[in-house]
Amino acid sequence: MFKDYIFYSVSPIVAAALFAAPASAEAIKFVIPEQAAAASIPAFARAANLQILVAAPDLRGVRTNGVVGNFERRPALEMLIRGTGLKIATWKDTVVTLSREGQQASDEAAGNVADDEIVVNGFLRSIGEARDLKRKSNTIKDVIVAEDMAKFPELNLAESLQRVPGVAINREAGEGRRITLRGLGPDYTRVQLNGMEVLGNVDSAMDSRGQRSRDRAFDFNIFASELFSRVEVQKTYEASQNEGGMAGTVGLFTAKPLENKPGLKGAISAKLGTNTYTDDAQPRVAAMAGYNFDDRFGILVSVAYSKRRTQEKGYDTYNPVQLTPAQIQTYLSSGLDISALSAEQQAKFKSGDLVYAAGNRLSVWDARQERLGVTLSTQWRPTDTLLLTLDGLYGKFSTDRDEYHLATRPTSGSGEIIFNGAYSDFGRSILASRINDIRWDSSNFVTYADVDNATYGSEHRRQVNRNVFKQIALTGDWKPSSVLTFDGHVGYEKSTYRTPIDDKLYLQAQGGMITQFAPDGESASNLYKWNTADPDNYVIRELYFRENAQTTTLHEGTLNGRYVLSPVFKLNVGYAYRRYAMSGSDLFNDGLYGAEFKSKPGYDAVTPYALVYDGWGGQPWVAGDWDKALAFYGKSHTDVGPGARTYNTFAIKEVTNAGYVQLDWDGDLGGMTLRGNVGARAYHTETTNTGLLANAAGQRVPSTIVSSYSGILPGLNAVLEVTRDFQVRLAAAQNINRPALTSMKMTGSVQLGTAGYTVSNGNPSLKPYKSTDLDLSAEWYFGQVGMISVGIFHKDIDDLVGNETLLNVPYSVTGLSTDLAPGLTPDTNVVQYTRPVNLAKARLTGLEMAAQGNFTFLPAPFDNLGALANVTLIDSNTKVNGRNGPITGLSDINANGTLYYETKLWGIRGSANFRSGYLLSRYDGRNPVSEDGFKSTVYVDAAAFVNIRDGIRLTLDAINITNQPEIQINSIYDRLHNVTRSGTTLFAGLNVSF
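Within any chain, residue numbers begin from 1 and follow the written order of that chain's sequence. Selection of residues for local features in this predicted model requires a pLDDT of at least 70, selection of side-chain atom pairs for listing and counting requires 80 or more, and totals for whole chains, interfaces and linings are taken over all residues. As a rule here, side-chain values come from all non-hydrogen atoms in the structure, and water together with hydrogens is ignored.

A.B. asks: Just give me the short version of the overall build of the protein, but keep the residues and values in it.
C.D. replies: For the protein, the helix and strand inventory stands at eleven helices and 50 strands. Radius of gyration here uses only the C-alpha atoms, and the compact-globule reference equals 2.2 Å multiplied by the residue count raised to the power 0.38. A compact globule built from 994 residues should have a C-alpha radius of gyration of about 30 Å, and the protein, at 31 Å, falls within 12% of that. Referenced to the eigenvectors of the C-alpha coordinate spread, the extents of the protein come out at roughly 105 × 70 × 50 Å. Partly exposed residues are those whose accessible area sits between 20% and 50% of the maximum for their type, while under 20% is buried and over 50% is exposed, using a 1.4 Å probe and protein chains only. Counting all 994 residues of the protein, 57% fall into the buried class. Residues count as neighbours in contact if any of their non-hydrogen atoms are within 4.5 Å of one another. Considering only intrachain contacts with a sequence separation of at least 6, the fraction spanning at least 24 residues in the protein is 72%. In short, Shrake-Rupley with a 1.4 Å probe defines the accessible areas, and a residue's cover is counted only from the protein chains shown. For the protein, the accessible area works out to roughly 37,400 Å², and carbon and sulfur atoms hold 57% of it. This count recognises Lys and Arg as positive and Asp and Glu as negative, with His and chain-terminal groups excluded. In plain terms, the charge of a residue is placed at NZ if it is Lys, CZ if Arg, CG if Asp and CD if Glu. The protein carries 98 positive and 105 negative side-chain charges, and their two centres are separated by 3 Å. Under the scheme used here, helices are H or I runs from DSSP no shorter than 4 residues and strands are E runs no shorter than 2 residues, and both carry numbers assigned from the N terminus.

Structure follows, in structure tokens:
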């Protein structure tokens, strides 16, 4: 059956050998030393009786590996060109064409191949090249490759990564933000950019998702996917890797100019999108252009810009509240009316058994985002043996967010529940509530309440978030002789995160409400008995002004050397230096002007600045317009106030020196190829931690602690190529994960109470977590993109962090300065000392299965169909407060499926990703609401293209087609914490390449 070729034109073509008679599949003896490709490929062709066609420019400066021993032809050729940037493009009988990785075979080369061979590009080429890179790796690795310049398969890197077995993602406003790898959370995955570790956080819209948390994790929505040519996920450890990243290492790679053919190459991508919730126009543009000067010098620039509006909306609550009988009596004594309840209901209410939702909140998070990314890559090859690369990247991610909430918010009593007693609020009388009806479930959670005179807070929160990332790295690769190679890099990066405005404007109102929670814990509704859209029903309550900031810097240098001991063995040695620093602080200036607003006639009326907000859908309410309110009261954002205080001020510096020795091998074992590496890495890290600790007088005093740790990490990776298409992998290693910054921060307090001193603080002396890993997998490769793989993995983890409380210990145990309070000595008794410590162990075992392939066995036109699918099953256990349970953040089932149809002219694909529910925190054995987590999700995305002509393509992308809800649950009874949706996003675009 005839099929069209899609190819890049390459000339001139060099025939590296003459036609010869077909050779059998028996092993052939090769004696080919490591040498220039222009010499080795003709020698190989003569020995193997092959005709090898390759473009002359593709051989310039390329040196191939040595091949010595008895091998079949294809494994021997793969061994010869492994790591050179060349690949086997086609193979038909005795005719083989080679091309650079990332480009197609030429016209002439393709013309020598029979019609049943297909050379592909687009999505098919992407998954084909990714498969080849996975196949050749000595470690267990998965790869995603760009379809073309400025054309990554998905619009977001995290959404591409969810196609990798073992990867789960969480989304922010419908867009992928963070990844979980093999069951371990974002803090356990190390991310590198062009070989250098990369650190960067943005924010979450919601407090319950860690809105202001700053950690070691990387947020993948910082950068546009168009800036990258390849993403690698390395799941097993080898000594040549930097230590850390217990779950694995994700490598991000930007495009390089000398990867292209000599001359000019570029691409422009322009998309315009919208979201079903925002109905706005969302531009997304990217451009990339590079020039290769005869493979000696090259420069490439790329720019990506996007602007979008997002909305998450839904229903959310705070931690549930269970009142004691004494607290209930206080409510009743202050006028709470329960006379409408039955005798049974009154008895139950007074018993203290019932649990009430707090907040009962309608919420909308409305954000305007802008993202800009710029990369510059310059490469210079002054000689055939030396290559220098200078990479720079600038990224800016800005979010201006308005949050609108209508919640139950009494400012007196026990929690923000649906009822309250009578009280005076800054001189304004708050009426006592009347409970008309209540109902509860088997866990005593109140699922229905009908209340008059409930007290509400209308909150308008405004945020300005700015994240800027800068990186520059110089990489060198020098091969002074045929047996000796050096490479390394030096680099610097800086990431700044600032929230100069994080303010809240609270209005207050009273009125009746019926609230009801669904039995499945996935939804709730409010029916208001008053006009929520009438400004006359509201008064102003108070203003909050907040700020926070964080800066992260990294200086990094590496030097590696490789020496060829023999055609089979290579010795690798290296050294790495890393200096990481992070600092940050939070400013809170809450509860301002409440008394002032009540002291002047007319000041508490909100009509001059009222905004009737109707973005939730079907239920409008009044919020305060920030600009008008500040102008009306003559106020502005300020850090001065009676309650102004600084929190979480810290500075952490880590300096690491590391070195490794690693032996690589690639040889014959019983007629099969055995390749891999074994080695060990030694590291030493010194940590300097400075923070403000509150002393007994409430003053915050600087305190500094220096600590260090070191260790040796062995690693083994082996690949046995049983046949040309089937291989088995074995990996065993130890790795570490440095502690979370929230646990290491030097923040806390020294308090003097009636019983004596109590001390709490972070622990800068925490040791890293350490895992012992074992992996075993089998892979079968077939066709152009086909692959089936099955793998098992196991991790034993030591020194996980948990909180420890010590009673009646000398002050010297805390390691803190005695200057924090008058009269402190090392022997002063501390009645209670709480800090995080290394005390927990964990076990994790998983099974990964993946398959991909084209359905070429089907009759036309269905033979253009194909699919990718994977599933990961994970079982884990760790003990918290004496109770066994899963590791937090771990989903025990992750699955992804993609079905595609692609021809030369057009293509379409759809993907579905399933992630089972997972816990954010575990039940502590005492408080049922200590458990919190998310329910299962299924996200469905799709993409399509039409090629108008060579180099011009129309595209269509659809994200979150089913408008999947994110449901967060609270307590061991799976009560609703919050449920939000973010709408479906559509993009139509044009790609032009030249």
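After that view, the rundown keeps rolling.
A.B. asks: Quick one: what's the story with the sheet that holds strand S12 (residues 189–193), residue by residue and with numbers?
C.D. replies: Backbone-to-backbone hydrogen bonds pair the strands of a sheet. The strands run either parallel or antiparallel. DSSP-based pairing: two strands are paired if at least 2 bridges between them are found. Pairing in this open sheet of five strands is mixed, and the strands run S9-S14-S15-S12-S13 from one edge to the other. Looking at the sheet topology across the chains shown, the edges are occupied by strand S9 (141–145) and strand S13 (196–197).

A.B. asks: I'd like a rundown of a nonpolar patch on the surface, residues and numbers included.
C.D. replies: Residues qualify for a patch when their relative accessible area is over 30% and they have no salt bridge, like charges being joined within 9 Å and the nonpolar side chains of Val, Leu, Ile, Met, Phe, Trp and Tyr within 5 Å. In what follows, salt bridge is the name for a side-chain nitrogen of Lys or Arg lying within 4 Å of a carboxyl oxygen of Asp or Glu. On the surface, a cluster of nonpolar side chains totalling about 970 Å² of accessible area is made up of Leu-264, Ile-268, Tyr-291, Phe-293, Phe-297, Ile-299, Val-301, Val-303, Leu-376, Trp-380 and Phe-994. At the level of elements, strand S16 (263–275), strand S17 (282–293), strand S18 (297–322) and strand S19 (355–383) are the ones that each hand at least two residues to the nonpolar patch. Residue contributions to the nonpolar patch peak at four residues, all from S18. Mapped onto the elements, Val-303 comes out in strand S18. Assessed through its relative accessible area of 34%, Val-303 is described here as partly exposed.

A.B. asks: Can you explain the side chain of His-405? Please cite residues and give values.
C.D. replies: Locating His-405 in the fold gives a position in strand S20 (residues 386–408). Whenever a nitrogen or oxygen atom comes within 3.5 Å of another N or O atom, the pair is scored as a polar contact, on the condition that within protein one atom can donate a hydrogen and the other can accept it, and that pairs from neighbouring residues in sequence are kept only if both atoms are in side chains. Separated by 3.4 Å, the side chains of His-405 and Arg-361 make a polar contact. A polar contact of 2.9 Å, which involves the side chain of His-405, links it to the side chain of Glu-403. If sequence neighbours within four positions are ignored, His-405 has contacts with Arg-361, Leu-362, Ser-363, Val-364, Trp-365, Gly-457, Ser-458, Glu-459 and Trp-621.

A.B. asks: Any details on the pairing of strand S30 (residues 621–624)? Residues and values, ideally.
C.D. replies: Burial along S30 is two-sided: the residues Trp-621 and Ala-623 and Val-622 and Gly-624 are all buried. Pairing geometry for strand S29 (residues 610–613) and S30, over four bridges, is antiparallel. The residue of S30 that forms the bridge with Tyr-613 is Trp-621.

A.B. asks: Let's hear about the packing of helix H1 (residues 37–48) against helix H3 (residues 73–81): which residues, and what values?
C.D. replies: Axis lines are fitted to C-alpha atoms, over the contacting stretch for helices. Their N-to-C directions set the angle, which ranges from 0 to 180 degrees. The contact between H1 and H3 brings their axes to 11 Å, and the two run at 170 degrees. The angle between the axes of H1 and H3 places the two elements in the roughly antiparallel class. Residue-level contacts link Ser-40, Ile-41, Phe-44 and Ala-48 of H1 to Arg-73, Ala-76, Leu-77 and Leu-80 of H3. Residue type decides the class: Asp, Glu, Lys and Arg count as charged, Ala, Val, Leu, Ile, Met, Phe, Trp, Tyr, Cys and Pro as nonpolar, and the leftover types, Gly among them, as polar. The class makeup of the residues in the contact of H1 with H3 is six nonpolar, one polar and one charged. What sets the label is the angle itself: under 35 degrees gives roughly parallel, over 145 gives roughly antiparallel, 65 to 115 gives roughly perpendicular, and the rest give oblique.

A.B. asks: Account for the nonpolar core, with residues named and values stated.
C.D. replies: Only buried residues count toward a nonpolar core. Its members are Ala, Val, Leu, Ile, Met, Phe, Trp, Tyr and Cys residues joined through side-chain atoms within 4.5 Å. If you look at the biggest cluster of nonpolar residues, it comprises 59 residues, and the most contacted ones within it are Phe-349, Phe-419, Ile-435 and Tyr-538. For this core, the element with the most residues is S19, which contributes six residues. Among all residues touching Tyr-538, those that are not within four sequence positions of it are Leu-406, Ser-458, Leu-507, Gln-508, Ala-509, Trp-530, Thr-532, Asp-604, Val-606, Trp-621 and Val-622. In terms of nonpolar packing, the next biggest core, distinct from the first, is built from 41 residues, Leu-157, Leu-161, Ala-842 and Ile-874 among them.

A.B. asks: Give a description of the confidence of the model for the protein that names residues and reports values.
C.D. replies: Residues with a pLDDT of 70 or more make up 92% of the protein, whose mean pLDDT is 88. Residue-level confidence of the predictor is summarised by pLDDT, bounded by 0 at the bottom and 100 at the top. The low-confidence segment residues 1–25 (pLDDT under 50) makes 75 contacts with residues lying over four places distant or belonging to another chain. Here residues 104–120 scores under 50 on pLDDT; set against residues more than four positions off or in separate chains, the count is 48 contacts.

A.B. asks: I'd like a rundown of the packing of aromatic side chains, residues and numbers included.
C.D. replies: In summary, the pairing rule links any two rings of Phe, Tyr or Trp, Trp by its six-membered ring, whose centres are within 6.5 Å, and it sorts them by plane angle into stacked for under 30 degrees, edge-to-face for over 60 and tilted for everything else. According to the stated counting rule, one finds 35 aromatic pairs in the structure shown. With centroids separated by 5.4 Å and ring planes inclined at 75 degrees, the aromatic side chains of Tyr-331 and Phe-419 adopt a geometry described as edge-to-face. Here the residue Tyr-331 occupies a position in helix H7 (residues 325–333), and Phe-419 occupies one in the loop between S20 and strand S21 (423–425), the gap between them amounting to 88 residues. Of the residues examined, Tyr-331 reaches a relative accessible area of 5% and is grouped as buried.

A.B. asks: Describe the packing of H7 against helix H8 (residues 343–351), naming the residues involved and giving the relevant values.
C.D. replies: Packing of H7 against H8 brings their axes to within 7 Å, and their N-to-C directions diverge by 120 degrees. When the interaxial angle is binned, H7 and H8 end up oblique. Taking contact as the criterion, the partners of Pro-325, Ile-328 and Leu-332 in H7 are, on H8, Phe-349, Lys-350 and Ser-351. Along the lines of polarity and charge, the residues of the contact of H7 with H8 split into four nonpolar, one polar and one charged.

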